[in-house]
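# Examining the three-dimensional arrangement
Okay, here's what each chain looks like letter by letter:
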Amino acid sequence: MLKATLRSFLAHKGRLALSALAVILSVAFVAGSLIFSDTVTRTFDRLFASTAADVTVQPKQDLKAPVPGGTVQTLPAALRDRVARVPGVAAARADVKVQNIVVIDRHDRSLGPTTGAPTIATAWYAGHRSPVELASGRAPVGAGEALLDADTADKKHVRIGDPLTVQAQPGTFRVRVVGIAMFTTTNPGAALVFLDPAVAGRELLGSQALATSVSADAAKGVSDAALKLRVGRAVGTGVYDVRTAGEQAKSASAALGPFLDVIKYVMLGFAGVALLVGVFLIVNTFSMLIAQRTRELGLLRALGADRRQVRRSVLTEALLLGLAGSTLGLGTGIGLALGLIRLMSLFGMNLKATEMVIGWETPVAAYVVGLGVTFVAAYLPARRAAAVSPMAALVDAEVAGVGKPLTARAVAGAVLGAAGAAALAGCAAATKTTQAAVLLGVGVVLTLIATVVAGPLLVRPVIRVLGAAFPALFGPVGRMSQRNALRNPRRTGATAAALMVGLALVGGMSVASASMSASFDRQIDKNLGADFIVQNTNFTPFTRQVRDTVAATHGVGLVVAQRLTQVAVRLPDGRRVQTSAVGYGPGLDDVVHFTYAQGGTAAALADGHLAMDAGFARDHGLRIGSTLPVEFPGGRHTTLTVGALTHQDTAQGFGAQGGLYFGLATFARYVPSGQDSALYVNAATGTKPQDLRPVLERALKPFPQVQVRNQDDYKQLIHDQIAVLLYLVYALLALAIVIAVLGVVNTLALSVVERTREIGLLRAIGLGRRQLRRMIRLESVVIAVFGAVLGLALGLVWGVCMQRVLALRGLRELAIPWTTIVAVVVGAAVVGVVAALLPALRASRMNVLAAIAHE
């Protein structure tokens, strides 16, 4: 049996190659994502471990800031002297390092990265723990001199002697590049400017008496843990955060974690789609191979092979396929990881391919995935193979399911479909976002499985409709193509299911994204009353100079500033909730139109008051006049009074829990170092907005990071951000389509082999080569369109339910992208034509007599 199995596998290796490709793709994405993320993690772990001081003292940070507010936490620079006197400290220094700056060259162009990485200004320190070393020029001395990192200098064409303008929170100052610093470790993609430590505090923080941290090196023989305890006792661990080098490196790595997780989960999403679609392909391939080998299997049974041996033989073939696919997939995954590493270098993150990390988990995961998916996919066909009787060797029998009743599928599909429909109905009726999201997930999974299970039941009614025009348009060829698709509903359903999965995904996400865009458009039209919004391109805060420049521009009337900050509120039930809050200047009603449940703008922006979402207030027992303890960055605390209640869907800063906002006077008192994140600008009386815009853009030319947007620009900005998600979905769809095309090609190719005698007889009675190719193409098209119809129908239901979840967050508009849906159906027909090219060509080249004599 083992010898027969190996010979059978080698005999069908060409037919199994397409199935192996699905395994290779899925394993490659799994292995590539693990190798890439492990390489980046290990690289940055080494970077952080090699550059962190033995002990670092930092300001206490009780509030993490995912929303940039422009605040810089500081401590007294004199704390360095106290740390230096601690026994066991060999050396101590006060560090100055800020990220809320903009660096501009002589041509008014920003030197900052365009990839989202920060622009960092820091005090120059040349030591064994520094990530850079002086490559050319000299160190900066006094005010007006700076170093620039080599990568930024090379990309932005900056040379020694060039002037730069630095916009920092205390003000703008000019420097001249006196040297270039080269990274000794991985360049994380940031742009770095180094200043003389004697002036860095004054230029970047507004005072030489301030620093952002104090670093201490341990004396020989003193451990980091022991030094941490001594430094903590000297400075007060309740006042400052004191961390060892290991803790500091771990904290820095944790901050990088979300970025790595995005890449890892995106790639694992591709792997999941490849696995799911590949299962259908492998099931179909093995089912058809077993159908074609019915007589062979029956002969094995007649010679004495029992059911277990036959089943084991088929599963062994599947495991051989999985082993080959996993091995090739692992190699492909290594190549994919190498490609990602090189891609990152284009974005400024210079990883080294020689430091690629391939942990033991990667090959284990690769082979578990590859072998597991092929074993699971081949199990049902193997059971069917074991059911072949010895008598099948004597007749032209087929075990692929032709003519077998679909009762079990009907019952299982109905049960799963009813459960999935109930979950989706519950999602649509839910009033809590979390509950609705859970029900949506359950409903999506159940309805997908139900559609796959019940797909063969839908083949005959749907394909009769889709192919109804074939006989009239193409005559007998059209009728035969339709009947070929109807001949084996199980096979047709499994082939179409591969395409259905991808199209269901794109259909649902297209509806959700179109609804999001329509909802944001409606909110912008309803709420935004300003002629222009002035913001940074990456939404980071900017200096007060921008506001002063805008206010001084001829033709500008009202300017309302907006600021962001992190806060923590203590609710009446004792819970501490961290969220973001917004500060607004006077004149808010003229630029933003809030809908108030109670109170108004005057009460919301009054000193010592705040506004919040009415639903949030109701859920936590708050009302007008309630007092709320609020914690701001830097350990500042106060109690604010609820002055107004708004509706969440009209709150600027949509999505922040609570929808909190208050006046700039309150903001400035508790976040004195905060910076503006946006300016709402109205044209002065007698000035048309279209005339003001070019004037405003010219005035802001010295601030290249700032953009002037009107309502249409703001809508396009939101659309572009939503489109990023759609591009990911389209990429997943493309992968699913590639594998689905392989599935259709495989099905048609095996079907041609299965119908060799039939094709020979058709050719003998006068069917031309062109007619034969047309028949196979039409069969492929109707199968592909059938999958598209099922997928889009399912996707539309999912999309409507997704919109109901979004409605709980204020996005209440439902939009159906009919253009996309029609394009997908047309694209499915094209996919069917492309998939049929090779099988149709092969069928048309068959020798008629040899085909008739085929066994």
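Rules of the game
- Residues numbered from 1 in each chain as written.
- Predicted model: local features only at pLDDT ≥ 70, side-chain atom pairs only at ≥ 80, totals over all residues.
- Heavy atoms only, no water.
- Core = buried A, V, L, I, M, F, W, Y, C linked by side-chain atoms within 4.5 Å.
- Buried < 20%, exposed > 50% of the residue type's maximum accessible area, 1.4 Å probe, protein only.
- Helix = DSSP H or I, 4+ residues; strand = E, 2+ residues; numbered from the N terminus.
- Contact = heavy atoms within 4.5 Å.
- pLDDT = per-residue confidence, 0-100.
- Patch = residues over 30% accessible without salt bridge, like charges linked within 9 Å, V, L, I, M, F, W, Y side chains within 5 Å.
- Areas by Shrake-Rupley, 256 points an atom, 1.4 Å probe, with all protein chains shown as cover.
- Salt bridge = Lys/Arg side-chain N within 4 Å of Asp/Glu carboxyl O.

### Looking at the nonpolar core
Of all hydrophobic cores here, the largest spans 92 residues; its most connected members are Phe-36, Leu-440 and Trp-798. Looking at this core element by element, the count peaks at 14 residues for helix 2 (residues 13-51). If you look at the next biggest cluster of nonpolar residues, it comprises 39 residues, including Val-630, Leu-645, Val-706 and Val-708.

### Side note on the environment of Gly-232
Assignment of secondary structure puts Gly-232 in helix 6 (residues 224-235). On the basis of relative accessible area, Gly-232 is assigned to the buried category, the value being 6%. Along the primary structure Gly-232 and Val-86 are separated by 146 residues, whereas in three dimensions their C-alpha atoms are 9.9 Å apart. Ignoring any residue separated from it by four or fewer positions in sequence, one finds Gly-232 in contact with Thr-237 and Val-242.

### Describing unusual backbone geometry
At Asp-108, a residue that is not glycine, the phi angle is positive and equals roughly 60°. Its location among the elements puts Asp-108 in the loop between strand 5 (102-104) and strand 6 (119-123). We note that His-157 has phi near 60°; this positive angle belongs to a residue other than glycine. His-157 sits in the exposed class, given a relative accessible area of 58%.

### Digging into the confidence of the model for the protein
Here the protein shows a mean pLDDT of 84. Residues at 70 or above account for 92%. Here residues 397-403 is a poorly scored stretch, pLDDT under 50, and it has 19 contacts once near neighbours within four places are set aside; other chains count. A low-confidence stretch, residues 650-654 stays under pLDDT 50, and its non-local contacts, those more than four residues away or across chains, total 16 contacts.

### Some details on a nonpolar patch on the surface
Taken together, Val-822, Val-826, Val-830, Val-833, Val-834 and Leu-837 make up a surface patch of nonpolar side chains, about 490 Å² in accessible area. Tracing the backbone shows Val-830 in helix 24 (residues 818-844).

### Description of the pattern of salt bridges
Evaluated as defined, the whole model comprises 19 salt bridges. Between Lys-715 and Asp-525 there is a salt bridge, with the nearest N and O atoms lying 2.6 Å from each other. You can see Lys-715 sitting in helix 21 (residues 711-754) and its partner Asp-525 sitting in helix 15 (residues 489-527), a full 190 residues away along the chain. A relative accessible area of 16% places Lys-715 in the buried class. Where Arg-563 meets Asp-676, a salt bridge forms, and the shortest distance between an N and an O atom there is 2.9 Å. In this pair, Arg-563 is assigned in strand 16 (residues 556-570) and Asp-676 in strand 23 (residues 676-683), connecting sequence segments 113 residues apart. Summarising the burial analysis for this pair, Arg-563 and Asp-676 share the class buried.

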